[in-house]
2 protein chains.
Amino acid sequence: MFELLSTDPDSQARRGRLTLPHGVVETPAFMPVGTQGTVKACSPGELEAVGAQMILGNTYHLNLRPGLDVIRSFGSLHRFSRWQRPILTDSGGFQVFSLAKLRKVKEEGVHFQSHLDGSKCFIGPETSMEIQSVLGSDIAMLFDECPPWPCGEAEAEKSLDLTMRWALRCKEWIAKHDPKTDTGARQHHFGIVQGSGYARLRERAAKELAAMDFDGYAVGGVSVGEPEEEMMRAIEHSIPHLPAHKPRYAMGLGTPPQILEMIARGIDMFDCVLPTRLARHGTAYTSDGPIHIKSKRFEFDHSPLDPDCIHPLTADFSRSYIRHLHRAGEILGLRLICLHNLHFYQSLVRNAREALEAGVFAAYRAAFLSRYTASKITPPS
Amino acid sequence: MFELLSTDPDSQARRGRLTLPHGVVETPAFMPVGTQGTVKACSPGELEAVGAQMILGNTYHLNLRPGLDVIRSFGSLHRFSRWQRPILTDSGGFQVFSLAKLRKVKEEGVHFQSHLDGSKCFIGPETSMEIQSVLGSDIAMLFDECPPWPCGEAEAEKSLDLTMRWALRCKEWIAKHDPKTDTGARQHHFGIVQGSGYARLRERAAKELAAMDFDGYAVGGVSVGEPEEEMMRAIEHSIPHLPAHKPRYAMGLGTPPQILEMIARGIDMFDCVLPTRLARHGTAYTSDGPIHIKSKRFEFDHSPLDPDCIHPLTADFSRSYIRHLHRAGEILGLRLICLHNLHFYQSLVRNAREALEAGVFAAYRAAFLSRYTASKITPPS
């Protein structure tokens, strides 16, 4: 399922390939986030056009709305949403902790109220696995508890104990039910390394999950409000204890520089809402750092969003026109920046893959970071 | 510029062809409304794909935002918005009366405050012509006063007197400046027949404008809150007094049945916000009448929005999925209904054109209306 094609001589960066029921994913890979069965403002065809190889769907959201019966009637999330390429679904663990109301964590799972209508709900390891099997994702994530940040060591360890017991229950459910995707090929499952900021706990989690032999491993409990150095340390504490021949996924990350830094630390897969979320506020990524399109300085700017990162879907449109669309609240403005930002992220990881193949990843990483961050010191006027 | 290809033996419906600087428009034609330099939620490529031959832009809005200097820097609204086919711009007359604050109508034009920021503005016949010449539309509308409905006969006549004096001033401005589009070909100009609900005034307006020899004629002051019979009468009172060899445009109309009725009364061109505005509320047109996609009855409906009116851009997506998108507030849901509704309107007029060519317009009109309105009596459950 995962081929490790090469490892960078200058860092821990890896060039790999995932072969999944709905297609091949070249790594390092970035997955746009399609929380509710759609990536914000994009059609499936546009996502393919900007080079998305795999997208993420959310168990928590899709289970509440449209509800499993609807998706079951179609046979899979793929058939419901008409996205043909691979899908990874998260387990609902993170959303239960970030969105749900009045949650009660018990041994069996989490009782909570829906953030939509307050109705009483429950997700435990088995329910999460069952929901994800109905969604029919290519990769399903194990159900975990995501501790808040900061978190005391005792609390973090107690939470990790629960996450590990839940991991075993997920494994048992998978062994018993052997869930399949709509292609007939089996669903894959990734364990999630928790342990907050504690090296000892991260190591323990990674080793115990590795021993359970999942198809891949994620580092979770990152991007939960901690400083960037903490985030990097959580990765560094986890990676050495994960098997080299399995894919590694950093959940919910990050900015373009963070993604390159994580690739250099041995991460293969990413997902992040930033490209689509920032688009809503009119922020576009460029090779010289992010720009805010509503700024007066773009009023007469006839150039495209990033002259050095152009996609056919957005190439025709000027900063001046997109600025106008955003100021006027027109949806096309949001669409164009969403597509551009997703293309920017796909270019980032595609360029990283090409640099790894050419043996020049260190130079690529340095050149990108130098140019991208220079603008923060002297923004163009 | 306008060829009258044939006239229906059973009604006043006409099959025609407009040859404009940016392309050919087959009539009867429907123009999607691109108020702020974009048709709601659609890209120019999608609009072409659903068959839009010409779109409408708004002088009032574009003059306030992004402002003429921005559009002048691009050379035209075409180059700014990247829409390559013909554009018709309205004169701002209607918006000054429907949107602007604290307006004062004087002989020279209308003083008002911007609905965006309250700033003081002025549009008169010459300013409107000048703004539209900078926009570089294929067809510019004359600046008129649009009286409210209902309106007493004396008031309507006084308003029409002013509209006619303004028409003359527009004509003088055009003769003096001979405005060109960005292709180098001359801009065309349509007069607007006002006169409220009074046959005598409509006749007078049509005859006086016809004598001024514009490139085409619109019926204005319709769809301003009057009952449908009044709207039809306003058309019937105007059409007989307009020259047969010039195109005729009913402004701001209408529902699909109204459009067929207007075609039967000799109208060649239409614009209306309904297909895109109703999409925002989740209303999709179908051959059996409009449906509200959020309705529970579509929860498990795997069929497309209208199985008898399918476009490749929306064909893949089920009512169930689009319902989910609308309930979740996802933009793709709005996009899909916008595209479908615009395709529905383009199909309506294309089918009318084909029926006229085949000499079966009466049968087409009857069949469409019978099926479309039947559902209002017995909605499918």
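Note that the structure is predicted; figures quoted are calculated from it, not measured. (Residues numbered from 1 in each chain as written. Chains lettered and ligands numbered in written order. Predicted model: local features only at pLDDT ≥ 70, side-chain atom pairs only at ≥ 80, totals over all residues.)

Attention now goes to the overall build of chain A. When helices and strands are tallied, chain A shows 13 helices and 16 strands. Over its C-alpha trace chain A gives a radius of gyration of 21 Å, about what one expects of a compact globule, namely 21 Å for 381 residues. Along the three orthogonal principal directions, the C-alpha set of chain A runs to about 60 × 45 × 40 Å. Counting across all 381 residues of chain A, residues that qualify as buried make up 56%. Restricting the contact set of chain A to residue pairs at least 6 apart, pairs at least 24 apart contribute 68%. (Helix = DSSP H or I, 4+ residues; strand = E, 2+ residues; numbered from the N terminus. Rg over C-alpha atoms; globule rule 2.2 N^0.38 Å. Buried ≥ 20, exposed ≤ 12 C-beta atoms within 10 Å, placed from the backbone. Contact = placed C-beta atoms within 7 Å.)

Each side of the interface is counted separately: chain A has 28 residues, and chain B has 28 residues. Listed by contribution, the elements that provide at least two residues to the side of chain A that touches chain B are helix H2 (59–74), helix H3 (77–81), helix H11 (319–327) and helix H12 (331–358) of chain A.

Next up on the list: the pairing of strand S9 (residues 120–123) of chain B. Residues and elements named next belong to chain B. Only one face of S9 is covered, namely the face carrying Cys121 and Ile123; the face carrying Lys120 and Phe122 is uncovered. The sheet contact formed by strand S8 (residues 109–113) and S9 spans four bridges and is antiparallel. The residue of S9 that forms the bridge with Val110 is Ile123. Two successive antiparallel strands, S8 and S9, enclose a turn made up of six residues, where Gly118 displays a positive phi of approximately 75°. (Pairing = 2+ DSSP bridges.)

This brings us to the relation of the copies chain A and chain B. The two copies are related by a screw operation: chain A maps onto chain B through 180° of rotation and 0.0 Å of translation along the axis, at an RMSD of 0.0 Å. Taken together, the turn and the small shift mark the pair as related by a two-fold rotation axis. Ranked by how close their C-alpha atoms come to the rotation axis, the residues of chain A are headed by Ile331 of chain A, at 4.1 Å. Most of the interface of chain A is mirrored in chain B, where 100% of its interface residues again form contacts. (Least-squares fit on C-alpha atoms with pLDDT ≥ 70 in both.)

The next point concerns the sheet that holds strand S2 (residues 14–20) of chain B. Paired through backbone hydrogen bonds, the strands of a sheet run either parallel or antiparallel to each other. All names here are of chain B. Spatial strand order, S1-S2-S3: three strands in an open sheet with antiparallel pairing. Each edge of the open sheet is held by one strand with a lone partner, namely strand S1 (2–7) and strand S3 (23–27). Going across the sheet, the axis of each strand differs from the next one's by a mean of 15°, ignoring polarity. By the bridge criterion, five bridges tie S1 to S2 in an arrangement that is antiparallel. (Axes fitted to C-alpha atoms, helices over the stretch in contact; angles between N-to-C directions.)

Residues and elements named next belong to chain A. Pairing is antiparallel across the open sheet formed by three strands, whose spatial order is S1-S2-S3. Each of the sheet's edge strands pairs with one partner strand only, and the pair in question is strand S1 (2–7) and strand S3 (23–27). Taken over all neighbouring pairs, the strand axes of this sheet differ in orientation by 15° on average, direction set aside.

Let us look at helix H5 (residues 125–135) of chain A. Residue and element names in this part refer to chain A. Among the eleven residues in H5, eight count as buried, and that is most of the element. Among the residues of H5, those classed as buried are Pro125, Thr127, Ser128, Met129, Ile131, Gln132, Ser133 and Leu135. Looking one or two places after H5, you find Gly136, whose phi comes out positive at around 70°.

Relative to the elements of secondary structure, Glu108 of chain B occurs in the loop between strand S7 (101–106) and S8. In this structure the C-alpha to C-alpha distance between Glu108 of chain B and Ile123 of chain B, which are 15 residues apart in sequence, comes to 8.7 Å.

All names here are of chain A. When you line up the elements, Phe94 lands in helix H4 (residues 93–98). Classification of Phe94 as buried rests on a count of 23 C-beta atoms within 10 Å. C-alpha separation for the pair Phe94 and Ala363, spaced 269 residues apart in sequence, amounts to 36 Å.

Residue and element names in this part refer to chain A. Segmenting chain A into domains produces domain 1 (2–272) and domain 2 (282–377). The centre of domain 1, based on its C-alpha atoms, is set 27 Å off from the matching centre of domain 2. Residue-level contacts link 25 residues of domain 1 with 25 residues of domain 2. Looking at the side of domain 1 that touches domain 2, the elements with two or more residues in it are strand S4 (29–31), helix H1 (44–49) and helix H9 (256–264). (Domains from an automatic or database assignment.)

Let us look at the confidence of the model for chain A. Where the model shows low pLDDT, its predicted coordinates should not be examined in detail. Residue and element names in this part refer to chain A. With 98% of its residues at a pLDDT of 70 or more, chain A shows a mean pLDDT of 96. Confidence drops under a pLDDT of 50 for residues 377–381, and excluding neighbours within four residues, the segment shows three contacts in the predicted structure. Prediction confidence for the complex, expressed as pTM and ipTM, is 0.97 and 0.97 respectively. (pLDDT = per-residue confidence, 0-100.)

Think of an α-helix as 3.6 residues a turn; residues three or four steps apart then line up on the same face. Residue and element names in this part refer to chain A. Taking 1.5 Å of rise per residue, the 25 residues of helix H6 (residues 153–177) would be expected to cover 36 Å, and the 36 Å separating its terminal C-alpha atoms lies within 8% of that figure. Three or more residues of H6 are buried, namely Ala156, Ser159, Leu160, Thr163, Trp166, Ala167, Cys170, Trp173 and Ile174. Close packing links the buried residues of H6 with H5, strand S11 (188–193) and helix H7 (199–212). Note on H6: the residue one or two positions beyond its end, Asp178, has a positive phi of about 40°. (Expected span 1.5 Å × (residues − 1).)

Our next topic: unusual backbone geometry. The linkage connecting Leu253 of chain A with the following residue, Gly254 of chain A, adopts the cis geometry, with an omega of -5°. Positionally, Gly254 of chain A belongs in the loop between strand S13 (248–250) and H9. Looking along the chain, the bond that leaves Trp149 of chain B and enters Pro150 of chain B is cis, with omega of -5°. Positionally, Pro150 of chain B belongs in the loop between strand S10 (139–141) and helix H6 (153–177). Even without being a glycine, Asp213 of chain A presents a positive backbone phi close to 60°. For Asp213 of chain A, the location among the structural elements is in the loop between H7 and strand S12 (216–219). Judged by C-beta crowding, with 10 C-beta atoms within 10 Å, Asp213 of chain A ranks as exposed. For Arg82 of chain B, which is not a glycine, the phi torsion comes out positive at approximately 65°.

Right, let's get into the packing of H6 of chain A against H7 of chain A. All names here are of chain A. Running from N to C, H6 and H7 cross one another at 10°; their axes reach a closest spacing of 11 Å. Considering the angle they form, H6 stands roughly parallel to H7. Residue-level contacts link Ala156, Glu157, Leu160, Met164, Ala167 and Lys171 of H6 to Leu201, Ala205, Glu208, Leu209 and Met212 of H7. A class-by-class count of the residues in the contact of H6 with H7 yields eight nonpolar, no polar and three charged. (Parallel < 35°, antiparallel > 145°, perpendicular 65-115°, else oblique. Nonpolar A, V, L, I, M, F, W, Y, C, P; charged D, E, K, R; others polar.)

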